[in-house]
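# Observations on chain architecture
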Amino acid sequence: MDITNRGVDDEAKLADRNYIRWDAQGVEKIAENEEEDIQAVADMINTMQKAQFNNHRHCFSGTHARTQGIVKGKLVVHDDLPEHLKQSIFDHGAEYPVVCRYSSEPGDPGLDDRIPQPRGFAMKVFNVEGDFLSGGVGIPTQDIEFNSTPALDLANAKTTREIIGLRINYGNNPPELYKHLEARPDTDLQKFRDTVRNTHLESTRHYSQTAFRFGDYVAKYCLVPNSATQKKLYEETVKPDADPSDILSRWLQNFHRDHDAEYLLQFQLLENLDDQPVEYAGKVWDPEKYPWQTVATLLVPRQDSFDWEMKSFWEDHIRVDPWHGLKTLQPLGGPNRLRKVVYPASSALRRKMNARAEVNVKSMAEVP
């Protein structure tokens, strides 16, 4: 459910709800041994990257290694938002240039598209002004990343350390891996990734999974395909016995060549910490209780979504990091504190092993 499906009275009711401030007591609670768990995860991700290097003789990101396409567009902030949604860069009507990458979530760049797995979407928003987090000082961009599953299986640092360890030890032996996953209390969450709908990337809804500061408040966000063609193509799924191994990239390239794309950027605000945990990202915030509310539209004109130069530049030089951005959109909770350590470590290893410098692009003109 989202605000676009409701009338004026419903919008007024949403404006009057008791949203929790981002700095309220209890929003963030650092778990015992979290720092140790996070460092262990950073080391394990590097181990996985080195294993992929041995296979491909090139080092990729620890997750979202497979580029499916890269496109340019603009993020249009609506100029008629109610006061409670006028937060951060969304506090006034505006247009921001963006560059976006579609990906597959696992760390194997050669992953067969016919295998159902979570997919990713990342945006770099340019021309952003304001007070930046320490990692984003001097870089006038807001990095925003999404995943195609609403809940994050790596739900906190402790869980992440356990699951990444299982994947390293048993990733090449699925029956043994499943035996260990089925012994866990969160087995359904851990196995869900293997049952996701394998469909068109441009037609897939994407989620932040974790919580972020949203100006005065706390929110999760999602990206909703909104054109008639995108909605129609969602009905088609990959045929494992008939489609080629790069079918998702092919579908994406065909779509963006012939059609404009439109997405709604929506936010879901925090109202109940017991029912909407910030520290545990494995629980979906019920959209029937806590509706999605639209703040902006992402518009992508027709273009070639698979440019080899742009693909190489992104993989070898760019890092998307939610800690690159404004303080008013600060990442919150354990999974995001983990990213603050893991992402730079993963990026540093890539640059070292590939002898490539990290490039923090500051404008669309710097993107190939």
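Here is a short report on the structure shown in this document. Computed from a prediction, not measured in an experiment: that's the story for all the values here. (Residues numbered from 1 in each chain as written. Predicted model: local features only at pLDDT ≥ 70, side-chain atom pairs only at ≥ 80, totals over all residues. Heavy atoms only, no water.)

### Details of the overall build of the protein chain
- Across its full length, the protein chain holds nine helices and nine strands.
- Taken against the 2.2 N^0.38 rule, which gives 21 Å for 368 residues, the C-alpha radius of gyration of the protein chain at 20 Å falls within 12% of a compact globule.
- Along the first, second and third principal axes, the C-alpha set of the protein chain runs to 55 × 50 × 40 Å.
- Within the protein chain, the fraction of its 368 residues that count as buried is 57%.
- Partitioning the contacts of the protein chain with sequence separation of at least 6, the portion at a separation of at least 24 is 78%.
- Of the accessible surface of the protein chain, which amounts to about 16100 Å², a share of 49% is contributed by carbon and sulfur atoms.
- The average position of the 45 basic charges and that of the 57 acidic charges among the side chains of the protein chain differ by 4 Å. (Helix = DSSP H or I, 4+ residues; strand = E, 2+ residues; numbered from the N terminus. Rg over C-alpha atoms; globule rule 2.2 N^0.38 Å. Buried < 20%, exposed > 50% of the residue type's maximum accessible area, 1.4 Å probe, protein only. Contact = heavy atoms within 4.5 Å. Areas by Shrake-Rupley, 256 points an atom, 1.4 Å probe, with all protein chains shown as cover. Lys, Arg positive; Asp, Glu negative; His and termini not counted. Charge placed at Lys NZ, Arg CZ, Asp CG, Glu CD.)

### Details of the packing of helix α8 (residues 308–317) against helix α9 (residues 334–354)
- Across the interface, α8 lies against α9 with an axial gap of 9 Å and an inter-helix angle of 115 degrees. Judged on the interaxial angle alone, α9 and α8 are roughly perpendicular. Where α8 approaches α9, its residues Trp314, Glu315, Asp316 and His317 are matched on the opposing element by Arg350, Arg351 and Asn354. (Axes fitted to C-alpha atoms, helices over the stretch in contact; angles between N-to-C directions. Parallel < 35°, antiparallel > 145°, perpendicular 65-115°, else oblique.)

### A few points about the side chain of Glu315
- Mapped onto the fold, Glu315 is located in helix α8.
- Of the polar contacts made by the side chain of Glu315, one reaches the side chain of Thr67; its length is 2.6 Å.
- Contacts of Glu315, omitting those with residues within four sequence positions, involve Phe60, Ala65, Thr67, Arg101, Arg350 and Arg351. (Polar contact = N/O pair within 3.5 Å; in protein donor to acceptor, adjacent residues only side chain to side chain.)

### Concerning the packing of helix α3 (residues 157–170) against helix α4 (residues 174–181)
- Direction vectors running N to C along α3 and α4 enclose 155 degrees, while the axes themselves pass 9 Å from each other. The angle between the axes of α3 and α4 places the two elements in the roughly antiparallel class. α4 is crossed by α3, and the crossing has right-handed handedness. On α4, the residues that touch Ile163, Leu166, Arg167 and Tyr170 of α3 are Pro174, Glu176, Leu177, His180 and Leu181. (Left-handed = near helix turned anticlockwise from the far one by under 90°.)

### Some words on the pairing of strand β4 (residues 141–147)
- With respect to burial, β4 is a largely interior element, seven of its seven residues being buried.
- The alternating pattern of β4 places Thr141, Asp143, Glu145 and Asn147 and Gln142, Ile144 and Phe146 on opposite faces, both of which are buried.
- With seven bridges joining them, strand β3 (residues 119–126) and β4 adopt antiparallel strand pairing. The partner of Lys124 across the bridge, within β4, is Asp143. (Pairing = 2+ DSSP bridges.)

### A few points about the environment of Val128
- Mapped onto the elements, Val128 comes out in the loop between β3 and β4.
- Counting along the chain gives 61 residues from Val128 to Leu189, while the straight-line C-alpha distance between them is 36 Å.

### Thoughts on the packing of aromatic side chains
- Inspection of the entire model under this criterion finds 12 aromatic pairs.
- For the ring pair Phe121 and Tyr263, a centre distance of 5.7 Å and an interplane angle of 45 degrees mean the geometry is tilted. Note that Phe121 is positioned in strand β3 and Tyr263 in strand β8 (residues 261–269), a separation of 142 residues in sequence.
- Overall, the relative accessible area of 1% leaves Tyr263 in the buried class. (Phe/Tyr/Trp six-rings, centres within 6.5 Å; stacked < 30°, edge-to-face > 60°.)

### Remarks on the pattern of salt bridges
- In this structure the tally under the stated criterion is 34 salt bridges.
- Note that Arg21 and Asp23 form a salt bridge whose closest N and O atoms lie 3.0 Å from each other.
- Residue Arg21 is classed as partly exposed on the basis of its relative accessible area, which comes to 38%.
- The class of Asp23 is partly exposed, set by a relative accessible area of 44%.
- Among the ionic pairs, Arg319 bridges to Glu358, the shortest N-O distance being 3.0 Å. With Arg319 in the loop between α8 and α9 and Glu358 in the segment after α9, this pair connects stretches of sequence that are 39 residues apart.
- Note on Arg319: relative accessible area 12%, which makes it buried. (Salt bridge = Lys/Arg side-chain N within 4 Å of Asp/Glu carboxyl O.)

### Quick word on a negative patch on the surface
- Judged by side-chain charge, Asp10, Glu11, Asp79 and Asp80 come together as a negatively charged surface patch.
- Structurally, Asp79 is set in the loop between β1 (66–77) and β2 (94–104).
- Relative accessible area serves as the criterion here: at 65%, Asp79 is assigned to the exposed category. (Patch = residues over 30% accessible without salt bridge, like charges linked within 9 Å, V, L, I, M, F, W, Y side chains within 5 Å.)

### Observations concerning the nonpolar core
- Leu75, Phe90, Phe214, Leu265, Phe267, Val295 and Leu298 are the most contacted members of the largest nonpolar core, which totals 45 residues.
- Residue contacts for Leu265: discarding those within four places in its chain leaves Leu75, Phe90, Phe146, Tyr221, Cys222, Leu223, Gln293, Thr294, Val295 and Ala296.
- The next biggest cluster of nonpolar side chains, apart from the first, holds 17 residues, and it includes Met44, Leu181, Ala281 and Tyr343. (Core = buried A, V, L, I, M, F, W, Y, C linked by side-chain atoms within 4.5 Å.)

### Focus on α3
- Compared with the 20 Å implied by 1.5 Å per residue over 14 residues, the 20 Å span of α3 between its first and last C-alpha is a close match.
- Every buried residue belonging to α3 is among Ala157, Thr159, Thr160, Ile163, Ile164, Gly165 and Leu166, and all of these are buried.
- Among the structural elements, α2 (34–56), α4, α5 (187–191) and α9 are those in contact with the buried residues of α3. (Expected span 1.5 Å × (residues − 1).)

It is worth stressing that arrangement in space is one thing and function is another; only the former is reported here.
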